[in-house]
Each structure stands twice: as C-alpha cells, then as structure tokens.
Amino acid sequence: MADLLRIANEFDINGTAISAESYGFGHINDTYIVVTDTGVRYILQRVNNNVFKNVEQLMGNIESVTSFLRKGINCSCECLTLVLRKNGKSFLKEDDKYYRVYNFIEDAVTYQTVSEPVHFYYSGVAFGRFQRQLAEFPAEALFEVIPNFHNTKSRYADFEKAVEQDVCNRAASVKAEIEFAKARKSDASVLVDMLEKGELPLRVTHNDTKLNNVMLDIKTGTPKCVIDLDTVMPGLLLYDFGDSMRFGTNPAAEDEKDISKVYCDLNLFEQYSRGFLEECGDMLTENEIKMLPFSAKIMTYECGIRFLTDHLNGDTYFKIHRGNHNLDRCRTQFKLVADMEQKMDKMNDIIKNIINK
Ligand code: ADP
Ligand code: GN1
Ligand code: MG
C-alpha cells in the first residue's frame, strides 16, 4: 500500500493519501479507492498496458473527450474528471507501469446485474446521451487505442488462430463451444460488411457500455456519470447499444456457472431501448434502427468468442479469479446468444413499437 499512497500523492489531490484499497469489478485495469487525511476520496488506477499498448495516446483521448463532454453538459450528470499531477501531466509512468487518478463520483453506484428494471432504463438514457453528446466530437482527434476492437470478423480470425495453435491443449475439452462459435461464423461479418459498404455511419462511440461502466445516482437511479472511457474510439452506435444488452438483459452474472439462470429478459431489453432511443433516437439511420436487435446478439457472440479465445490462449487478456473463469464467461455469453436467437422477432417488435410511438 505504501507505494500506492506515494503514487497517489504525486497527483494534485486534496490532502495527503492515507489509505488505498482494491475497488470495483473491472476485467482490465487495477482500480483502487484512495482516501486522504481531509476525507476526500479518489479513484487511482493502474492502466493495463498489456491490453493498452499506447497509454500516452489513450490518456490524450481521455483528456480531449472529457474536456469536450464537460463543455456540453446541460443536465444533472457529471463528467469523469482526471486529477492532474503537479507538473500538469494526467498520468505517472514508473517502471513501465502507468497510473492515473480520477475524482471519485460520490452518491452514485455501479451495478453488476440489474436489480431494478428502471436502473437499466437509466443506463440506456446515460449511453444514449453519451452518444448524442459526442455526435460533434472530431473523430480524427482520437487515437485508435485497440485497432479492430469490435471488428467481429477479425475477432473470429483470432479465435480460429487460437483453436489452431491450442497452446494450452484446451481445445479438446471445449469442442461444444468451438462448434457453437463456428456455426455462426457468417454473423461475424454482417456489421463489418455494412460499414465497409457505407450502409452504417462511423461515429464516436464508447465501445464498452456494460452496466458497471455507468454510475447511477444512489437515491434516484438517474444517470450520474459514464465511466471507463479507455475505449472511446470511432465505431458503430450498434456496438454501444448491443454491448449494453449483452451485459444487462441477462439477470445472472456474466460468469454465472449455472447457465440455466442465463437468459435475455425482454422487459429489460425494452427498458434500455426506451431510455437509449429517447435520448438519441432521432440521430439513428434506418439501417441502424433495423440492426439494433441483431447488435445485441452479435456483441454477445463477439464477447463469447473473446472469452473463449482467451481461455484457449491461457488467460492472458481478461483478469481471472478462478480456474476456467473465461470458459464460464464464454458459456454464459453463448447461452445468451442462443436465447436471443429465439427471441429475435420479439426484440424486433419491441424496437418497432418504440420507434412508431
Ligand atoms: P476497468 O477498465 O477495469 O473496467 P473501470 O474504469 O470501469 O475499470 O473502473 C472499475 C470500477 O471502479 C467501476 O466499475 C466503478 O465501480 C469504479 N469506478 C471507476 N471510476 C470511478 C469514479 N470516478 N468514481 C467512483 N467509482 C469509480
Ligand atoms: C472488459 O474493462 P471492462 O471490465 O469494463 C473489456 C470489454 C468486455 C468486457 C466484458 C478494454 O471491460 O471489451 O466487453 O470486459 N474491455 C477491454 O465484461 O477489453
Ligand atoms: Mg469498467
């Protein structure tokens, strides 16, 4: 802890850091809650530079996105705020490790699953608003921190390579999952092809819109702040919509071992869709509207193959906390994909009803 306190004190915080504890449930960065002797709380993060190879450019993105968002705020929401160092820099590099500090968003919570449907509605409001707020952001100013991040076709190619190489000899034990993924290979190119043909517009998107990346007011549930801006890059609006649905319509945990508990709750699908479309529905093209339900399925499929790929590669990307953790995560995603396939017509009807109201 001494090291973390020393690092936190390198930033221009209020008082002197006196405690630092692990915090949150992210799969990528190391997050700590820091408290100072004046009672102010901060978030200290060690940025995962195995995942993010260009942390300096990533921090540049966050600086420009947060200052753009801050200028445009016209609601009771907050914007993620970096605490700078005394020399004006937004991060500290030490022994090839990168650290940053954010103001702690007080009186707000993140949820790991939806307990009150209204929370998911407000999560839709938050990400729909985020989309609208960034509509005029100059996309060319952003560094592409992870190229092809949601290029499902290239994610599929990574998966095939992992199966072929089978570096941990795990492929034989996950035949059913491999077959499930292979059977849907053609789905992987649908959005990528539409983008290439100019049938979907490239926008500035969040790209990691799961429920625990939005902070909701602890009392009212209304949106307080969209967080985890590491992956803000040019992308498809459908990535943001679909990824929220992937995580939030499933009443069970993303790593639930008992997959009989995993399904897509259509009431939750409707709640989020309403919130999202109320905020940014008027921006959407016809093709974007048409592909909303499919995006939920494809983002779930993509995440499933990413977890499976990481399992096959020996768990080098996502943090794991038990044996077969990535495999358990993959299984929940594939169960959800299968359920969404059954419910696709109903999902389409829900979107049509909202749009035609
Ligand atoms: P990761 O990239 O690992 O997911 P996040 O930036 O999402 O990291 O942070 C992990 C968790 O820490 C979040 O889900 C949230 O609960 C908490 N958190 C992050 N930033 C803040 C903040 N500024 N104020 C309060 N809590 C935060
Ligand atoms: C990671 O950082 P976190 O935990 O919010 C991942 C997302 C996945 C998600 C699955 C940079 O998100 O792409 O969808 O796990 N982030 C990165 O839960 O790879
Ligand atoms: Mg996160």
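A quick note: this is a predicted structure, and the numbers were derived from the prediction, not measured. (Residues numbered from 1 in each chain as written. Chains lettered and ligands numbered in written order. Predicted model: local features only at pLDDT ≥ 70, side-chain atom pairs only at ≥ 80, totals over all residues. Heavy atoms only, no water.)

1. Points about the coordination of the magnesium ion (ligand 3)
For step 1, the next point in the chain: Every protein donor of the magnesium ion (ligand 3) is accounted for by Asn213 (OD1) and Asp228 (OD), and the metal-donor separations fall at 2.2 Å. One end of the pair, Asn213, is in the loop between strand 8 (203-205) and strand 9 (214-217); the other, Asp228, is in the loop between strand 10 (223-226) and strand 11 (233-235), and 15 residues separate them in sequence.
For step 2, the next point in the chain: Accessibility expressed as a relative area gives 5% for Asn213, which makes it buried. (Donors = N, O, S within 2.8 Å, 3.2 Å for Na, K, Ca; no water. Helix = DSSP H or I, 4+ residues; strand = E, 2+ residues; numbered from the N terminus. Buried < 20%, exposed > 50% of the residue type's maximum accessible area, 1.4 Å probe, protein only.)

2. Topic: the pattern of salt bridges
For step 1, the next point in the chain: Inspection of every chain in the model, using the stated rule, returns 24 salt bridges.
For step 2, the next point in the chain: We note a salt bridge from Lys153 to Asp193, for which the minimum N-O separation is 3.5 Å. Of this pair, Lys153 sits in helix 4 (residues 152-165) while Asp193 sits in helix 6 (residues 190-196); the two residues are 40 residues apart in sequence, bridging distant segments of the chain.
For step 3, the next point in the chain: Overall, Lys153 belongs to the partly exposed group, its relative accessible area being 39%.
For step 4, the next point in the chain: Here Lys185 makes a salt bridge to Glu160, at a shortest N to O gap of 3.9 Å. Pair noted here: Lys185 is in the loop between helix 5 (175-183) and helix 6 and Glu160 is in helix 4, with a separation of 25 residues, a long-range link.
For step 5, the next point in the chain: Among the residues examined, Lys185 registers a relative accessible area of 43% and is labelled partly exposed.
For step 6, the next point in the chain: The class for Glu160 is partly exposed, based on a relative accessible area of 31%.
For step 7, the next point in the chain: Among the charged side chains, a salt-bridge network with shared partners connects Arg184, Asp187, Lys297 and Glu341. (Salt bridge = Lys/Arg side-chain N within 4 Å of Asp/Glu carboxyl O.)

3. Here we look at the site of ligand 2
For step 1, the next point in the chain: Contacts to ligand 2 come from 17 residues, most closely from His27, Lys210, Glu254, Arg306 and Tyr317.
For step 2, the next point in the chain: In the environment of ligand 2, an oxygen atom lies 3.4 Å from a nitrogen or oxygen atom belonging to the side chain of Arg246.
For step 3, the next point in the chain: Protein coverage of the free-state accessible area of ligand 2, which is 440 Å², stands at 98%.
For step 4, the next point in the chain: The pocket occupied by ligand 2, as judged from atoms lying within 2 Å of grid points, is the largest pocket.
For step 5, the next point in the chain: For the shell around ligand 2, the leading source of residues is helix 9 (residues 286-313), giving three residues.
For step 6, the next point in the chain: A breakdown of the residues in the shell around ligand 2 according to their chemical character gives seven nonpolar, four polar and six charged.
For step 7, the next point in the chain: Taken together, domain 1 (2-104) and domain 2 (117-356) each give at least three residues to the shell around ligand 2, which thus spans both. (Near = heavy atom within 4 Å. Polar contact = N/O pair within 3.5 Å; in protein donor to acceptor, adjacent residues only side chain to side chain. Areas by Shrake-Rupley, 256 points an atom, 1.4 Å probe, with all protein chains shown as cover. 1 Å grid on protein atoms, 1.4 Å probe; cavity = no way out; pocket = protein on both sides within 12 Å on 5 of 7 lines; lining within 4 Å. Sits in = over half its atoms within 2 Å of the grid points. Nonpolar A, V, L, I, M, F, W, Y, C, P; charged D, E, K, R; others polar. Domains from an automatic or database assignment.)

4. Digging into the side chain of Thr309
For step 1, the next point in the chain: By secondary structure assignment, the location of Thr309 is in helix 9.
For step 2, the next point in the chain: In this structure the side chain of Thr309 is engaged in a polar contact, spanning 2.6 Å, whose partner is the backbone oxygen of Ile305.
For step 3, the next point in the chain: Ignoring anything within four residues of it in the chain, the contact list for Thr309 reads Asp158, Phe159 and Ala162. (Contact = heavy atoms within 4.5 Å.)

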